[in-house]
Amino acid sequence: MTWYALQHKPAQGDRAVQHLQNQDIACFYPKIEVEKIKAGKRSKKLEPLFPGYIFINLDQTDPMWGKLRSTRGVMRVVSFANKPAGIADEVIDHIRASMDKVTEQGGIKAGAPVELDDGPFKGLSAIFQAYDGDERAIVLVSFMQRQQAVKVALSSVKVER
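Residues numbered from 1 in each chain as written. Predicted model: local features only at pLDDT ≥ 70, side-chain atom pairs only at ≥ 80, totals over all residues. Heavy atoms only, no water.

What follows covers the overall build of the chain. Scanning the chain from N- to C-terminus turns up three helices and 14 strands. Evaluated residue by residue, the chain yields a buried proportion of 32% over its 161 residues. Within the chain, contacts between residues separated by at least 24 positions form 54% of all contacts whose residues are at least 6 apart in sequence. On the chain, roughly 10600 Å² of surface is accessible, and the fraction owed to carbon and sulfur atoms is 51%. (Helix = DSSP H or I, 4+ residues; strand = E, 2+ residues; numbered from the N terminus. Buried < 20%, exposed > 50% of the residue type's maximum accessible area, 1.4 Å probe, protein only. Contact = heavy atoms within 4.5 Å. Areas by Shrake-Rupley, 256 points an atom, 1.4 Å probe, with all protein chains shown as cover.)

Below, the structure written as structure tokens:
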């Protein structure tokens, strides 16, 4: 069996996957966690890695091909010269293996050791706590035998390696 790409209707990717799975069609709809900023607040949301597309694993002789276009949420099969465009298994395997790497690059995690390289705290080591809006961060700095929460410019925070 070969992998193929389907284009789904706008905002109906999850619906299309559900209806395809109800028909026993193997689907791959990769999603990653993305940080968004709305009204100065950060929030995490799952979004498709390939917006508008779902991958299915189907044999070319399978009778399900006739039902794909009438499946709720599915717009069309991605084709070239009126033939469904096949995707190599290695490509799908590579995407699956890379999903963890993409998720890890979502920003600085709470509790990560950082170094401040600008401003009055330049050269100090700190512990990252949270983002504060789009351009600031809250870090814990050891000061007078206590850890103090300090707001600093995000551009001055560097992750220690």
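With that out of the way, let us pick up unusual backbone geometry. Positioned with a positive phi, Ala11 is a non-glycine residue whose angle comes to about 60°. With a relative accessible area of 83%, Ala11 lands in the exposed category.

Grouped together as the largest cluster of nonpolar side chains are 16 residues, with contacts concentrated most on Leu6, Leu20, Ile25, Ile54, Ile56, Leu58 and Leu68. At the level of elements, β1 (2-8), α1 (13-22), β5 (53-58), α2 (65-68) and β6 (74-77) are the ones that each hand at least two residues to this core. Judged by nonpolar contacts, the second largest core, of twelve residues, contains Phe128, Ala137, Val139 and Val152. (Core = buried A, V, L, I, M, F, W, Y, C linked by side-chain atoms within 4.5 Å.)

Our focus in this paragraph is the pairing of β1. With six of its seven residues buried, β1 lies for the most part within the structure. Pairing analysis gives six bridges linking β1 to β5, with the strands arranged antiparallel. Opposite Thr2, over in β5, you have Leu58 as the bridge partner. In terms of strand pairing, β1 meets strand β9 (residues 86-87) through two bridges, oriented antiparallel. (Pairing = 2+ DSSP bridges.)

Both strand β11 (residues 125-132) and strand β12 (residues 136-143) contribute to a ladder of six bridges, which runs antiparallel. Bridge assignment links Phe128 to a residue of β12, and that residue is Val139. Relative to strand β13 (residues 146-153), β12 runs antiparallel, the two being bridged by eight bridges. Residue pairing across strands places Ala137 opposite Val152, the latter belonging to β13.

This part is about the confidence of the model for the chain. Any segment with low pLDDT has predicted coordinates that should not be analysed in fine detail. Residue-level pLDDT values for the chain average 86, and 89% of them are 70 or greater. The secondary structure element of the chain with the lowest average pLDDT is strand β3 (residues 31-38), at 74, and the one with the highest is α1, at 96. (pLDDT = per-residue confidence, 0-100.)

Another aspect to go through is the side chain of Ser98. Mapping Ser98 onto the fold places it in helix α3 (residues 89-104). In terms of polar contacts, Ser98 uses its side chain to reach the backbone carbonyl oxygen of His94, at 2.8 Å. (Polar contact = N/O pair within 3.5 Å; in protein donor to acceptor, adjacent residues only side chain to side chain.)

Inspection of every chain in the model, using the stated rule, returns four aromatic pairs. Measuring from centroid to centroid gives 5.0 Å for Tyr4 and Trp65, while their planes differ by 80°, and the two rings are edge-to-face. Residue Tyr4 is found in strand β1, and its partner Trp65 is found in helix α2; the two are separated by 61 residues along the sequence. For the pair Tyr4 and Trp65, one class covers both residues: buried. Centroid distance Phe50 to Phe55: 5.5 Å. Interplanar angle 85°. Geometry classified as edge-to-face. Overall, Phe50 belongs to the partly exposed group, its relative accessible area being 31%. Assessed through its relative accessible area of 8%, Phe55 is described here as buried. Lying across the ring of Phe28, Arg96 places its NZ or CZ 4.4 Å from the centre. (Phe/Tyr/Trp six-rings, centres within 6.5 Å; stacked < 30°, edge-to-face > 60°. Lys NZ or Arg CZ within 6 Å of the ring centre and 35° of its normal.)

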